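What follows is each chain in one-letter form.
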Amino acid sequence: MASSTARPRVEHGTQAGEVAGRLLDSAATLSYDPLTEVDWETPLDKDFHGASPEWSTLYGTSYWNELTEAQRKELTRQEAASVASTGIWFEMILQQLILRDVYAKDPTDETVQWALTEIADECRHSIMFARGARKLQAPAYRPRRLALELGRAFKTLAFGEAAYAAILVAEEVLDVMQRDWMRDERVVPFVRTINNIHVVEESRHMKFAREETRRHLAKAGPVRRHIHAFVIAVAAYVIVTSMVNKSVYANAGLDEKRALAEARANEHHKAMMRSSCAGLMEFLASAGLLTKPALAFYQRAHLI
């Protein structure tokens, strides 16, 4: 339910403050409580998909063509739950990055207040994704051990443009696919509601991440820019390759070995990922963050 809480008007001293002020105004008028907005009570209707079938990792493969409609729907439900679980993992990293960034800053500054608002949003989103995955009758999918440890290091060490551009990467990739899912009447209604909430609220987060990336880059020299371009690309690779856990195939009743092989070779899914990241890659290029070493990782993740 959208909030009608009014925010006191204040004068903004900087461009960052002006952006933060507008985002705070938006959050005050258009935010949602997933606990009341999402239909958690109605039993799962297995006549629906969990995500648009075109976004399935197996869509367009010979294996997909052999599956029954019921199997396809179960697969998309498991894949949607895996994407949600990956979202929770990265939102936990994101919250820690932002808290470290504002730890010693002036809490009366609107940029700090917006940062705290974003953290509150991400807490609600994580609970919403967790409840959504459970309602999809999926286990708690977790990234592989290496990804977890890399995430642990990243949340501890990343700062400035590396932190905010990585946040932007994760949010942009999810945003495009979820915009498709929320409009698709083949997708189970409660998942469409979850996606709508996330898209609306994450649009503010992406605006802030872009502004903070630009602001930090304005102070970065060429060496730091090249190092952080590489770090952001590695983070993007780890995030994207962690989105669909390999266990989704066995949990959907499929042959995991065959499904993995066909998913890895699926040119349709690679094209969908590249298309979804066109705007993101344009932004990174404009910011000077598409260096040759970075490009290698984006290409391996099929983002460019």
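Small disclaimer: the values here were computed from a predicted structure and weren't measured.

**Examining the overall build of the chain**
Scanning the chain for helices and strands turns up 14 helices and zero strands. Going from N to C terminus, the chain has its helices and strands arranged as α-α-α-α-α-α-α-α-α-α-α-α-α-α. Relative to the compact-globule value of 19 Å for 304 residues, the chain shows a C-alpha radius of gyration of 19 Å, a close match. With respect to the three principal axes, the spread of C-alpha positions in the chain is 60 × 45 × 30 Å. Considering the chain as a whole, with its 304 residues, one finds that 54% of them fall into the buried category. Looking at the chain as shown, the accessible area adds up to about 13800 Å², and 57% of this sits on carbon and sulfur atoms. The distance from the centre of the 38 positive side-chain charges to the centre of the 39 negative ones in the chain is 6 Å.

**Brief notes about helix α9 (residues 222–241)**
Between its first and last C-alpha atoms α9 spans 29 Å; for 20 residues at 1.5 Å apiece the expected length is 28 Å, and the two agree. Against α4 (69–102), α6 (145–157), α7 (160–183), α12 (267–276) and α14 (292–300) lie the buried residues of α9.

**Overview of the packing of aromatic side chains**
Applying the stated criterion across every chain, the model contains six aromatic pairs. The interplanar angle of 55 degrees and the centroid separation of 6.5 Å between the aromatic rings of tryptophan 40 and phenylalanine 190 together place this pair among those described as tilted. Separated by 150 residues along the polypeptide, tryptophan 40 in the loop between α2 (34–37) and α3 (62–66) and phenylalanine 190 in helix α8 (residues 189–217) bring together distant segments of the chain. Of the two residues, tryptophan 40 and phenylalanine 190, both sit in the buried class.

**What about the pattern of salt bridges?**
Evaluation of the coordinates by the stated rule reveals 18 salt bridges. Of the charged contacts, one joins arginine 72 and glutamate 69 as a salt bridge, the two residues approaching to 2.9 Å between their closest N and O atoms. Here arginine 72 pairs with glutamate 69, and both are found in helix α4, just three residues apart, close to one helical turn. Residue arginine 72 is classed as buried on the basis of its relative accessible area of 16%. In this structure, arginine 224 and glutamate 161 form a salt bridge, with 2.6 Å as the shortest nitrogen-oxygen distance. Taken as a pair, arginine 224 in helix α9 and glutamate 161 in helix α7 lie far apart in primary sequence, 63 residues in all. Assessed through its relative accessible area of 26%, arginine 224 is described here as partly exposed. One network of salt bridges, in which partners are shared, links Glu54, Asp184 and Arg186.

**What to know about the environment of glycine 253**
In this structure, glycine 253 sits in the loop between α10 (247–251) and α11 (256–264). Judged by its relative accessible area of 57%, glycine 253 falls in the exposed class. Sequence-wise, glycine 253 and arginine 145 are 108 residues apart; in three dimensions their C-alpha atoms are separated by 24 Å.

**Digging into the environment of leucine 30**
Along the chain, leucine 30 falls in the loop between α1 (15–29) and α2. Owing to a relative accessible area of 33%, leucine 30 belongs among the partly exposed residues under this scheme. Distance from leucine 30 to glutamate 201, taken between C-alpha atoms, is 8.0 Å for residues 171 residues apart in sequence.

**A few points about the side chain of glutamate 79**
With respect to the helices and strands, glutamate 79 occurs in helix α4. No salt bridge is formed by the buried glutamate 79; the nearest opposite charge belongs to arginine 77, separated by 11 Å. Setting aside anything within four residues of it in sequence, one finds glutamate 79 in contact with Ser56, Thr57, Leu58, Val244, Val248 and Tyr249.

Cut-offs and rules
- Residues numbered from 1 in each chain as written.
- Predicted model: local features only at pLDDT ≥ 70, side-chain atom pairs only at ≥ 80, totals over all residues.
- Heavy atoms only, no water.
- Helix = DSSP H or I, 4+ residues; strand = E, 2+ residues; numbered from the N terminus.
- Rg over C-alpha atoms; globule rule 2.2 N^0.38 Å.
- Buried < 20%, exposed > 50% of the residue type's maximum accessible area, 1.4 Å probe, protein only.
- Areas by Shrake-Rupley, 256 points an atom, 1.4 Å probe, with all protein chains shown as cover.
- Lys, Arg positive; Asp, Glu negative; His and termini not counted.
- Charge placed at Lys NZ, Arg CZ, Asp CG, Glu CD.
- Expected span 1.5 Å × (residues − 1).
- Contact = heavy atoms within 4.5 Å.
- Phe/Tyr/Trp six-rings, centres within 6.5 Å; stacked < 30°, edge-to-face > 60°.
- Salt bridge = Lys/Arg side-chain N within 4 Å of Asp/Glu carboxyl O.

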